[in-house]
Amino acid sequence: MPKITVQDTETGEQKVFKVGYGGNLRKAAQHHDISLYRGLHEYTNCHGMGSCGTCMVEIEPMEHVNDHGLIEKLHKINGNRKLACRTKVYGDITIKTKLVE
């Protein structure tokens, strides 16, 4: 089971949890009571549909997640950033949440 280390950029907190191979990052974080959103986006997000772009995280290393998909390309998300709702985890990763744009 891949291990996910979460670094909250707002609070500086760090949490670690595991997810099943190929598991969805957003769903796994929610299951472990970890928020990915800044401010009101906690309540005004698209609930994992990919349309709002507010669950963006920075991921290291990118080799352990799926490639950027069409929705991420439409949001012009590239590099080591991905939408958590569109991320499948295949190995140990470290993510930064609640990013300032």
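Asks: What is the right way to look at the pattern of salt bridges in this model?
Replies: The final tally for this structure, using the stated rule, is five salt bridges. With a closest N to O distance of 3.1 Å, R81 and E58 form a salt bridge. One end of the pair, R81, is in strand β5 (residues 81-83); the other, E58, is in strand β4 (residues 56-60), and 23 residues separate them in sequence. On the accessibility criterion, R81 (23% relative accessible area) is partly exposed. E72 is the partner of K82 in a salt bridge, and the nearest nitrogen-oxygen pair spans 2.8 Å. Placement of K82 in strand β5 and of E72 in helix α2 (residues 70-74) is noted, with a sequence separation of ten residues between them.

Asks: Help me understand the side chain of E58 in this model?
Replies: A distance of 3.1 Å separates polar atoms of two side chains, one belonging to E58 and the other to R81. If near-sequence neighbours (up to four positions away) are discounted, E58 is found in contact with N80, R81, T94, I95, K96 and L99.

Each value, and the rule that gives it
- Residues numbered from 1 in each chain as written.
- Predicted model: local features only at pLDDT ≥ 70, side-chain atom pairs only at ≥ 80, totals over all residues.
- Heavy atoms only, no water.
- Salt bridge = Lys/Arg side-chain N within 4 Å of Asp/Glu carboxyl O.
- Helix = DSSP H or I, 4+ residues; strand = E, 2+ residues; numbered from the N terminus.
- Buried < 20%, exposed > 50% of the residue type's maximum accessible area, 1.4 Å probe, protein only.
- Polar contact = N/O pair within 3.5 Å; in protein donor to acceptor, adjacent residues only side chain to side chain.
- Contact = heavy atoms within 4.5 Å.

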